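Here are the chains, one letter per residue:
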Amino acid sequence: MTSALFRISFFLLTFWVISFSSQAQETSVLEINGAGELIGSDGYERLVGDVKMKHQNSLIYCDSAHFFRLENKARLFGNVRIVDTEDPVQTTSRYAEYDGNTKLAKLRNNVVFTNQKTTLTTEYLDYDREANIAYYFNDGKVVDSVNVLTSQRGTYEVNIEKITFKNDVVLVNPDYTMKTNDLIYLTIPKTAETKGLTNLISTEGNTLDAQNGSFYDTQGKKFRFYEGVVETETSRIKAKELFYSELDAYYEGKENVSVLNKERQVEVFGDVGEYWDERKYSLVHGNALVRRYFEKDTLYMASDSLISQDGEADSMKYLLAFRSVRLVKSDMSGVADSLVYNYADSSIQLFKSPVMWNQKSQITADSMVFYIANEELERVFMKDKVFVITQDTIMNFNQMKGRTMDGYFRDGQMERIDIEGNGESLYFALQADTISQGINKTLSANIKLRFKDGAIQRVTYGIKPDGKFTPFQLITEENSRLEGFNWRFEERPTLEDIFLWRKPDEIDLDAENLFNEPDIELILPTEEDIRKSLEKRGWKPEKKIPSQL
């Protein structure tokens, strides 16, 4: 009884395995659905005219075919069309080879691969139906509702709507053209990610360049660049990581940020920065630095944070610097807590215990405003607790104090100072600019001083001045200083100090750019090519006659 049951169970199992294998084999076999004429047998058949074949969920059409039944393969000729009955995928070509075992279709000549609104055209395409992946080589073009992409090689992963482009990649849409050598494009969100060198030019002429790749939302018009530079007609922005929203005209940079205002010739550097193009407004912080270009000179300003505004009205044209401000120019330098640079009149306002140095002069006050004209320091206005110290030809300290003070400069040197309110002056009387005779100390409501080569040449006092002269032999350190004297020349910032704070990361204007490469490569003929061309035109090489002995 047990033996009989075992034989029955074994028979049923064997029948089920054979039936399953048979069904599996049937589903993977290429089938002929129709043809105008069928020629051949014994494993090889030639189908001619209106050929229809089927493999699983694919319908195959062509003008004629060679069917290798035993190998489960077919060669398809003329008006080849493969239609997927489950997915919206269709391919057409002039010639194809189809392998029913590996589910691989090799399509050649005028290949068109269509998936809904995405169309791929090429001359050589391998379509792996098992993985639903198409590979093209020797140039291809992908077109969807927004973009046109071309490259030498590409891979289309249909299931995840992902296309990878390799070598000489060009993306074109109505707003810009982009070039790179490695790009991944997702057809549903229409986003593009690149690796390595990437260059882009917009229809307005703006350029976006990245050395280490980028990410693009082509519909939202948002871009992210790595080691990127964006340049417009009025500005140039650079950062290690740069985000740009075209619709908002907004930039955000991280690490080694620089923002150049071309019209003002002002460049701002920092760790993190934001820029609103329409408002011409930028915010930079983290070891911030300003570089203001003049024709013959450059002004550097360093601080923790910077705000630049370049609006239409004069009142909206300024640059603000906050905390630990230092500035350096060839003829001046200074420190302050905060600063306002006005683009309209080239004035520099310093606040909270500012100190300015100009060659042999030091100026301190609660607040001060400097004016630059023709690239040189022209005038300074100081208010509250004003104290000016200048050194004469033998390094004596001439000193002036007052409530407010106007200073005027010529060729970078102090030329005139006008003191208004509570004026005090102390200056050394010199003989022939080399010998000190004594000190003149005067109290007056108003004082006017004139300088020549940094030394006091003439002093004019207001009503009822109170003066005292101290001869040279009676001069002491105490009577040669006004109250509040503090010579701080060692605090004067230098360009080396500025560069220790932040060394500007310069842009390589000659960096590689794919738009500079010619679209056509000229191949010069070899000597062999020239010889063959001449022979086709009837030219024959001269025969050499052996010389007679």
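Residues numbered from 1 in each chain as written. Predicted model: local features only at pLDDT ≥ 70, side-chain atom pairs only at ≥ 80, totals over all residues. Heavy atoms only, no water.

Asker: Lay out the overall build of the chain in plain terms, naming residues and giving numbers.
Answerer: Along the backbone of the chain there are 3 helices and 36 strands. Whereas a compact globule of 549 residues would reach a radius of gyration of roughly 24 Å, the chain reaches 41 Å, over 25% beyond that. Along the first, second and third principal axes, the C-alpha set of the chain runs to 135 × 105 × 50 Å. Summarising the internal contacts of the chain: among those between residues at least 6 apart in sequence, 39% fall at separations of at least 24. With an accessible surface of roughly 29700 Å², the chain has 50% of that area assigned to carbon and sulfur atoms. (Helix = DSSP H or I, 4+ residues; strand = E, 2+ residues; numbered from the N terminus. Rg over C-alpha atoms; globule rule 2.2 N^0.38 Å. Contact = heavy atoms within 4.5 Å. Areas by Shrake-Rupley, 256 points an atom, 1.4 Å probe, with all protein chains shown as cover.)

Asker: So what about the nonpolar core? Which residues, and what values?
Answerer: Counting residues in each nonpolar core, the largest one holds 52 residues, and the members touching the most others are Leu76, Phe113, Phe165 and Leu183. Residues contacting leucine 183, with those up to four places away along its chain left out, are Leu149, Ile163, Thr164, Phe165, Val169, Leu171, Met178, Ala192, Glu193 and Thr194. Formed by 43 residues, the second largest nonpolar core is a distinct cluster that contains Leu319, Tyr341, Ala365 and Tyr427. (Core = buried A, V, L, I, M, F, W, Y, C linked by side-chain atoms within 4.5 Å. Buried < 20%, exposed > 50% of the residue type's maximum accessible area, 1.4 Å probe, protein only.)

Asker: Now, about unusual backbone geometry: what can you tell me, with residues and values included?
Answerer: In this structure, lysine 103 is a non-glycine residue whose phi angle is positive, near 60°. If you trace the backbone, lysine 103 turns up in the loop between strand S6 (89-99) and strand S7 (104-115). Given the relative accessible area of 16%, lysine 103 is considered buried. One non-glycine residue, lysine 280, lies in positive phi territory at about 55°. You can see lysine 280 is positioned in the loop between strand S22 (266-276) and strand S23 (281-293). On the accessibility criterion, lysine 280 (23% relative accessible area) is partly exposed.

Asker: Please give an account of the side chain of threonine 218 that cites residues and values.
Answerer: Note that threonine 218 resides in the loop between strand S18 (214-217) and strand S19 (222-231). Under the relative-accessibility criterion, threonine 218 is labelled buried at 4%. Only 2.5 Å separates the side chain of threonine 218 from the backbone oxygen of lysine 190, close enough to count as a polar contact. Threonine 218 has contacts with Asn147, Asn173, Tyr176 and Lys190, leaving out every residue within four places of it along the chain. (Polar contact = N/O pair within 3.5 Å; in protein donor to acceptor, adjacent residues only side chain to side chain.)

Asker: Tell me about the pairing of strand S32 (residues 397-410), and name the residues and values.
Answerer: With respect to burial, S32 is a largely interior element, 10 of its 14 residues being buried. Here 11 bridges tie strand S31 (residues 376-391) to S32, and the two strands are oriented antiparallel to one another. Bridging from a neighbouring strand, phenylalanine 387 pairs with lysine 401 of S32. Where S32 meets strand S33 (residues 413-431), 10 bridges bridge the pair, whose relative direction is antiparallel. Its bridge partner being in S33, glycine 407 is matched across the sheet by isoleucine 417. (Pairing = 2+ DSSP bridges.)

Asker: Quick one: what's the story with a negative patch on the surface, residue by residue and with numbers?
Answerer: A grouping of Asp139, Asp168, Glu512 and Glu517 is seen on the molecular surface, where their side chains present a negatively charged patch. Tracing the sequence through the fold places glutamate 512 in the loop between helix H2 (495-501) and helix H3 (527-536). (Patch = residues over 30% accessible without salt bridge, like charges linked within 9 Å, V, L, I, M, F, W, Y side chains within 5 Å. Salt bridge = Lys/Arg side-chain N within 4 Å of Asp/Glu carboxyl O. Lys, Arg positive; Asp, Glu negative; His and termini not counted. Charge placed at Lys NZ, Arg CZ, Asp CG, Glu CD.)

Asker: Lay out the pattern of salt bridges in plain terms, naming residues and giving numbers.
Answerer: The full count for this structure, using the stated rule, is 26 salt bridges. Here lysine 240 makes a salt bridge to glutamate 255, at a shortest N to O gap of 3.6 Å. Highlighted residues: lysine 240 in strand S20 (residues 235-245) and glutamate 255 in strand S21 (residues 250-261), separated in sequence by 15 residues. With a shortest N-O distance of 3.7 Å, arginine 379 and aspartate 406 are connected by a salt bridge. Taken together, the residues span a long stretch of sequence, with arginine 379 in strand S31 and aspartate 406 in strand S32 at a distance of 27 residues.

Asker: Go over the packing of aromatic side chains, please, and point to the residues and values.
Answerer: In this description, an aromatic ring pair is defined by two values, namely the gap between the centres and the angle between the planes. By the definition in use, this model includes 21 aromatic pairs. Between phenylalanine 77 and tyrosine 95 the ring centres are 5.2 Å apart and the planes differ by 55°, which places this aromatic pair in the tilted class. Taken as a pair, phenylalanine 77 in strand S5 (residues 73-84) and tyrosine 95 in strand S6 lie far apart in primary sequence, 18 residues in all. Look at phenylalanine 113 and tyrosine 127: their rings are 5.1 Å apart centre to centre, the planes differ by 85°, and that puts the pair in the edge-to-face class. (Phe/Tyr/Trp six-rings, centres within 6.5 Å; stacked < 30°, edge-to-face > 60°.)

Asker: Before we move on, could you go through empty space enclosed by the protein and cite the residues and values that matter?
Answerer: Following the criterion strictly, the structure yields 1 cavity of 30 Å³ or more and no others. One number sums up the size of the largest cavity: a volume of about 90 Å³. Forming the boundary of the largest cavity are Ser235, Val259, Leu260, Asn261, Val266, Val268, Tyr275, Lys280, Ser282, Ser308 and Tyr343. Those elements that provide at least two residues to the lining of the largest cavity are S21 and S22. For the lining of the largest cavity, the per-class residue count stands at 6 nonpolar, 4 polar and 1 charged. (1 Å grid on protein atoms, 1.4 Å probe; cavity = no way out; pocket = protein on both sides within 12 Å on 5 of 7 lines; lining within 4 Å. Points joined across faces, edges and corners; volume = space filled by probe spheres on them. Nonpolar A, V, L, I, M, F, W, Y, C, P; charged D, E, K, R; others polar.)

Asker: Give a description of the environment of valine 48 that names residues and reports values.
Answerer: Assignment of secondary structure puts valine 48 in strand S3 (residues 44-55). Residue valine 48 is classed as partly exposed on the basis of its relative accessible area, which comes to 27%. Distance from valine 48 to valine 355, taken between C-alpha atoms, is 96 Å for residues 307 residues apart in sequence. Apart from the residues within four sequence positions on either side, valine 48 is in contact with Ala35, Gly36, Glu37, Asp63 and Ser64.

Asker: Can you tell me about the pairing of strand S10 (residues 140-143), naming the residues and giving the values?
Answerer: Going residue by residue along S10, you find Gly140 and Val142 tucked away on one face and Lys141 and Val143 left uncovered on the opposite face. Inspection of the sheet shows strand S8 (residues 118-128) paired to S10 by 4 bridges, in the antiparallel sense. Its bridge partner being in S10, leucine 120 is matched across the sheet by valine 142. Pairing of S10 with strand S11 (residues 148-151), which is carried by 4 bridges, proceeds in the antiparallel orientation. Opposite valine 143, over in S11, you have valine 148 as the bridge partner. Between S10 and S11, which follow one another and run antiparallel, lie 4 residues.

Shape is all these values report; function is a separate question.
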